[in-house]
Amino acid sequence: MQQADVLHVLKSILSRPTAPFHEYAVRDAIRELLSECSHVTVTEDAFGNLVARYARGGAGNGRATWAFGSHMDHPGWVRSVEGASEPPAAETHRRHGGFTFLGGVPAEYFASPVLRVFGDFAMWDLVDFEARDDGTIHSRACDDLVGCAAIVTMLRALERSGTEAECCGIFTRAEEVGFVGAVELARRWPLSEGTIFVSVETSVAVGSAVPGWGPMCRVGDRLSIFDHAATSALLSVAARRGLPVQRALLDRGSCEASALQAYGIRTAGISVALGNYHNCGPDFRIAEESVHLADVEALVALLAAVVEDLPNGPDDSGSGLRERFEARVARHSPYIAATTKHFGDPPSPV
Ligand SMILES: [Zn+2]
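About the criteria used
Numbering of residues starts from 1 in each chain and follows the order in which that chain's sequence is written. Local features in a predicted model are, by the rule used here, given only for residues with pLDDT of at least 70; side-chain atom pairs are given and counted only at 80 or more, and totals for whole chains, interfaces and linings are based on all residues. Values shown for side chains rest on all heavy atoms present in the structure; no hydrogens or waters enter the calculation. Secondary structure counts use DSSP, requiring at least four H or I residues in a row for a helix and at least two E residues in a row for a strand, with both numbered from the N terminus. Note on method: radius of gyration uses C-alpha positions; expected globular size equals 2.2 Å times residues raised to 0.38. Accessibility here uses a 1.4 Å probe with only protein chains present; expressed as a share of the type maximum, an area under 20% marks a residue as buried, one over 50% as exposed, and anything in between as partly exposed. In this description, contact between two residues means that some pair of their heavy atoms is separated by no more than 4.5 Å. The Shrake-Rupley method, run with a 1.4 Å probe, gives the accessible areas here. Residue values count only the displayed protein chains as cover. Note on charges: Lys and Arg go in the positive column, Asp and Glu in the negative column, and His and the chain ends are not counted at all. Charge positions are represented by NZ for Lys, CZ for Arg, CG for Asp and CD for Glu. The criterion for strand pairing is that DSSP finds at least two bridges linking the strands in question. Salt bridge, as applied in this entry: a Lys or Arg side-chain nitrogen positioned within 4 Å of an Asp or Glu carboxyl oxygen. Here is the rule: rings of Phe, Tyr and Trp (six-membered ring for Trp) pair when centre to centre is within 6.5 Å. Planes less than 30 degrees apart are stacked, more than 60 are edge-to-face, and the remainder are tilted. In our convention, an over-ring charge means Lys NZ or Arg CZ found within 6 Å of a ring centre and within 35 degrees of that ring's normal. All axes are obtained by fitting lines to C-alpha atoms, using only the stretch in contact for helices, and the reported angles, taken between N-to-C directions, cover 0 to 180 degrees. To sort the angles, those under 35 degrees are grouped as roughly parallel, those over 145 as roughly antiparallel, those from 65 to 115 as roughly perpendicular, and the leftovers as oblique. In the scheme used here, Gly and all other residues not listed as nonpolar or charged are polar, with Ala, Val, Leu, Ile, Met, Phe, Trp, Tyr, Cys and Pro taken as nonpolar and Asp, Glu, Lys and Arg as charged. Remark: nonpolar core denotes a set of buried residues (Ala, Val, Leu, Ile, Met, Phe, Trp, Tyr, Cys) joined through side-chain atoms within 4.5 Å.

We now examine the overall build of the protein. The helix and strand tally for the protein stands at 9 helices and 16 strands. For a compact globule of 350 residues, the expected C-alpha radius of gyration is about 20 Å, and the protein comes in at 23 Å, within 12% of that figure. Dimensions along the principal axes, computed over C-alpha positions, put the protein at roughly 85 × 60 × 45 Å. Counting only residues that meet the buried cut, the protein has 51% of its 350 residues in that class. Long-range contacts, defined as pairs at least 24 residues apart, comprise 75% of the intrachain contacts of the protein with a sequence gap of at least 6. When the accessible surface of the protein is split by element, carbon and sulfur atoms take 53% of a total near 15,800 Å². Between the centroid of the 31 positive side chains of the protein and the centroid of its 44 negative side chains there is a distance of 3 Å.

Structure follows, in structure tokens:
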């Protein structure tokens, strides 16, 4: 059931076209998929970011502790706008047929662009969604539509299971040009002060993280380290539930958690390993991005478990670390007693 819904939601969202500032088709898919959830209320802020609030029972007291956020855009071609800053001379490769490319892709990939046009924007002409027998999903835009799909599936799962809790899904615009939607969100933060924003992303696996071995709990990114108690909460829920998760500093890029943290909002991050980041395939060829379906399923299960197990947020007393350290000191008290004579007296004068 869960896997079928993950696939259904992935296909529904990933097959919609998107680009920075042109996220309306993805927004509509998210709204449609959540319209089946009677306990989810979807609102839109002045900038067009979506806030989907799940509330059932009295658990949340009108305050969502967890807000899971993803962005609805992907690097792409937008119709050139008069007055917008033109790419500098060294970046003229970012202009093609009346469109300007927005997002981080190295110049080597622009040798002979093939575009698919959707009115005022265009994407690389690639497959929109393909689920392969080897358990991988391939798409022109996994980043970050997979994150959007994971959050939507999680909200649908809470609805189906009748979970009494409160949490939010946040879907932002224009992340790929520098967190524009996240900044607009932070300026008019619509949730309570103690809410924790968990960035749900796709990212290049770094260090010992392996694609297919579970989502990566992102302790930080290139710009920031995230909230310790919130990060520990994600890891401890995964351990308790037996869900696969990898702890990693994903510092090859940055995510919206850094932007929101800069505005004083507590943040954490979780990512699914991404292949062909920003459509950059081998030999400087543009290609579909990819993720492992099992990682997405584990991510959905973990997000739902966090809401179910810790509806009121993380344990801010230090996640039990202090007790562990105290116990270790107590265990070594005989050694302390046996050596105090060497340390107890003040040093003798020279
Ligand atoms: Zn990206």
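That covers the picture; the talk isn't over yet.
Moving on to the sheet that holds strand 6 (residues 99-102). Taken together, 5 strands build an open sheet; the order of strands is 5-6-4-8-7 and the sheet is antiparallel. At either margin of the open sheet sits one strand with a lone partner, and together these are strand 5 (95-96) and strand 7 (115-118).

Counted under the stated rule, the structure contains 18 salt bridges. In this structure, Asp5 engages Arg156 in a salt bridge whose closest nitrogen and oxygen atoms are separated by 2.9 Å. One end of the pair, Asp5, is in helix 1 (residues 2-14); the other, Arg156, is in helix 3 (residues 142-161), and 151 residues separate them in sequence. For Arg156, a relative accessible area of 8% translates into the label buried. In this structure, the salt-bridge partner of Arg240 is Asp309, at a minimum N-O distance of 3.9 Å. In this pair, Arg240 sits in helix 5 (residues 228-241) while Asp309 sits in helix 7 (residues 293-309), placing the two residues 69 residues apart along the sequence. On the accessibility criterion, Asp309 (27% relative accessible area) is partly exposed. Each of Asp5, Glu36, Arg156 and Arg160 takes part in salt bridges that share partners, so that together they form one network.

A full pass over the atoms with the stated rule returns 10 aromatic pairs. Aromatic side chains Trp77 and Trp124 sit 5.4 Å apart centroid to centroid with 85° between the ring planes, which places their arrangement in the edge-to-face category. Residue Trp77 is located in strand 4 (residues 76-79), and its partner Trp124 is located in strand 8 (residues 121-124); the two are separated by 47 residues in the primary sequence. Like Trp77, the residue Trp124 is buried in the burial classification. These aromatic residues form a ring-pair network of at least three members: Trp77, Phe101, Phe110 and Trp124. Positioned above the aromatic ring of Phe47, the side-chain terminus of Arg173 is 4.5 Å from the ring centre.

Spatially, 8 strands are ordered 1-2-11-3-12-15-13-14 in an open sheet, and the strand pairing comes out mixed. What marks the edges here is a single partner per strand, and that holds for strand 1 (40-44) and strand 14 (246-249). Sheet twist, expressed as the average angle between the axes of neighbouring strands with direction ignored, equals 25°. Bridge count between strand 3 (residues 66-71) and strand 12 (residues 196-203): 4 bridges; the pairing is parallel. Within strand 12, the residue paired with Gly69 across the bridge is Ser199. The sheet contacts of helix 5 involve strand 3, strand 12, strand 13 (216-220), strand 14 and strand 15 (266-273), and relative to strand 15 the element is tilted by about 40°. Packed on one face of the sheet, helix 7 meets strand 3, strand 11 (166-172), strand 12 and strand 15 and runs near 155° to strand 15.

Quick look at helix 4 (residues 180-187) now. Burial within helix 4 is extensive, with 6 of its 8 residues counted as buried. Turning to helix 4, its buried residues number three or more, namely Gly181, Ala182, Val183, Glu184, Leu185 and Ala186. Against the buried residues of helix 4 lie strand 11, strand 12 and helix 6 (256-261).

Our next topic: unusual backbone geometry. The peptide bond linking Asp143 to Asp144 adopts the cis configuration, its omega dihedral lying at -5°. Relative to the assigned elements, Asp144 resides in helix 3. A positive phi angle is found at Phe179, which is not glycine, with a value near 60°. Counting through the fold element by element, Phe179 comes out in the loop between strand 11 and helix 4. Using a relative accessible area of 13% as the deciding quantity, one classes Phe179 as buried.

Here helix 1 crosses helix 7 at 105°, and the two axes come no closer than 10 Å. The orientation of helix 1 with respect to helix 7, classified from their angle, is roughly perpendicular. Touching Gln2, Gln3, Val6, Leu7 and Leu10 of helix 1 are Leu293, Val296, Glu297, Val300 and Ala301, all from helix 7. Considered class by class, the residues forming the contact of helix 1 with helix 7 number 7 nonpolar, 2 polar and 1 charged.

Glancing now at the nonpolar core. Counting residues in hydrophobic clusters, the biggest one holds 64 residues, and the most contacted among them are Ile13, Ile30, Phe68, Met154 and Phe171. Tallying contributions element by element places helix 3 first for this core, with 11 residues. Every residue in contact with Met154, bar those within four places of it in the chain, is listed here: Phe68, Cys167, Val300, Leu303 and Ala304.

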